[in-house]
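The lines below spell out each chain.
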Amino acid sequence: MKKVAIFTSGGDAPGMNACIRAVVRGGIYHGLDMYGIVRGYSGMISGDIKKMDSRSVSNIVQRGGTVLKSARSMEFMTPEGRKKAYDTLMSHGIDGLIAIGGNGTFTGAEVFFNEYQIPTVGCPGTIDNDLYGTDYTIGFDTAVNTSLEAIDKIRDTADSHDRVFFIEVMGRDSGYIAIQSGIGGGAEIVMVPETHTPLKKVISTLKDGWKRSKSSSIVVVAEGDEEGHAPEIAEKIKKQVGDKLDIRVTTLGHIQRGGGPTAYDRILASRLGLGAIEGLINGEKNVMAGIVNNNLVYTPFIDTIQRPKPIHEDLLRMVHILSI
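Residues numbered from 1 in each chain as written. Predicted model: local features only at pLDDT ≥ 70, side-chain atom pairs only at ≥ 80, totals over all residues. Heavy atoms only, no water.

**Some thoughts on the sheet that holds strand β9 (residues 247-251)**
- Read from one edge to the other, the open sheet built from four strands follows the order β7-β8-β6-β9, with strand pairing classed as parallel. In this open sheet, the two strands that pair with only one neighbour each are β7 (189-191) and β9. Averaged over all pairs of adjacent strands, the angle between their axes in this sheet comes to 20 degrees, without regard to strand direction.
- In this sheet, β9 lies alongside strand β6 (residues 164-169) in parallel orientation, the contact comprising five bridges. When the sheet's bridge partners are listed, F165 is paired in β9 with R248.
- This element, helix α8 (residues 230-241), spans β6, β7, β8 (217-222) and β9 of the sheet and lies at about 170 degrees to β9. (Pairing = 2+ DSSP bridges. Helix = DSSP H or I, 4+ residues; strand = E, 2+ residues; numbered from the N terminus. Axes fitted to C-alpha atoms, helices over the stretch in contact; angles between N-to-C directions. Contact = heavy atoms within 4.5 Å.)

What follows is the structure, encoded as structure tokens:
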């Protein structure tokens, strides 16, 4: 193996740049020629590929987003698009790939490997922390801290006006951001996709708090909760309780994906990036590099895509006990 290309795909996550830096410098350390593919699979098809050296990744470890850009490619989902991508890689002499992204990125990598057998190792870059095969994904810790900072500020105004705030955080299929920021922010209720929280229970918890002279409450809602988005849930509850509760809604949105990565995310991303490039050199392929119980492990893409990563029940239990 002489030439390796790296790309980021799907939603951006704080720490992706730290991972890019580790992959590029790790590859150079081991004598590889390193290339960057701009805008993920889209750039792989169009040929937007550039040579990278050590200076290419200078002064990026602290930056959010991704210097290689990201994009979703409908064309890559077709056999014709993947054939174009393969031909482009061959024209540059690329021997292996490092893919930084989430479920969709690895689904594409799995299909591409099965068709063309280009060795590929992935790094889990997604704020949702929803990938099997790693305890934490790149960007998750930063997203939790961003959400927590917002929750703390909203708590101040909620307390000042005796209000109930429904705060929606990201997590279409995973409640990890909601549960951790909810616990850290002292939320009275956390609603996540992994477990059903009936509206009756939400109302009962809020009313019980009012009976105990609790002047304000915070309800953290993952965007993928089965009861709906935070505005829908708040509206349903308003119809049932009337004016008894002063309810407000805040949706944090894409603010959770931006900003400089925390120290934890920078170190995690660096460790995973170096683990990915060294795994590729040592013959790993069609796998994701992850950290489980503080050990570097490699998990087949098909498992990261298909196997669920449930929230530990102790975390859900903790929310209930600590809200009393």
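**Structural notes on the packing of aromatic side chains**
- As enumerated under the stated definition, the model contains nine aromatic pairs in all.
- Ring centres of F106 and F301 lie 5.0 Å apart, and the angle between their planes is 20 degrees; on these two criteria the pair is classed as stacked. Taken together, the residues F106 in helix α4 (residues 103-116) and F301 in helix α10 (residues 301-306) connect sequence positions 195 residues apart.
- A relative accessible area of 0% places F106 in the buried class.
- With centroids separated by 5.9 Å and ring planes inclined at 15 degrees, the aromatic side chains of Y136 and F140 adopt a geometry described as stacked.
- Through successive ring pairs, a cluster of aromatic residues spans F7, Y41, F76, Y86, F112 and Y116.
- Positioned over the ring face of Y176 is K309, at 5.4 Å from the centre of the ring. (Phe/Tyr/Trp six-rings, centres within 6.5 Å; stacked < 30°, edge-to-face > 60°. Buried < 20%, exposed > 50% of the residue type's maximum accessible area, 1.4 Å probe, protein only. Lys NZ or Arg CZ within 6 Å of the ring centre and 35° of its normal.)

**Concerning the pattern of salt bridges**
- Following the criterion strictly, the structure yields ten salt bridges and no others.
- Notably, a salt bridge pairs R257 with D12, separated by 3.1 Å at the nearest N-O pair. Within this pair, whereas R257 is found in the loop between β9 and α9 (263-281), its partner D12 is found in the loop between β1 (3-8) and α1 (16-29), the two being separated by 245 residues in sequence.
- Between E188 and R155 there is a salt bridge, with the nearest N and O atoms lying 3.5 Å from each other. Here the residue E188 occupies a position in the loop between α6 (176-184) and β7, and R155 occupies one in helix α5 (residues 140-161), the gap between them amounting to 33 residues.
- E188 sits in the buried class, given a relative accessible area of 8%.
- Through salt bridges with shared partners, one network takes in R163, D246 and R248. (Salt bridge = Lys/Arg side-chain N within 4 Å of Asp/Glu carboxyl O.)

**Quick word on the nonpolar core**
- Within the largest apolar cluster, 54 residues are counted, with the highest numbers of intra-cluster contacts made by I6, I20, I98, V190, I218, V220 and I277.
- At seven residues, α5 tops the list of elements feeding residues into this core. (Core = buried A, V, L, I, M, F, W, Y, C linked by side-chain atoms within 4.5 Å.)

**With respect to a nonpolar patch on the surface**
- On the surface, M318, I321 and L322 cluster together into a nonpolar patch covering about 270 Å² of accessible area.
- With respect to the helices, strands and loops of the structure, I321 is situated in helix α11 (residues 313-322).
- By relative accessible area, I321 is classed as partly exposed at 41%. (Patch = residues over 30% accessible without salt bridge, like charges linked within 9 Å, V, L, I, M, F, W, Y side chains within 5 Å. Areas by Shrake-Rupley, 256 points an atom, 1.4 Å probe, with all protein chains shown as cover.)

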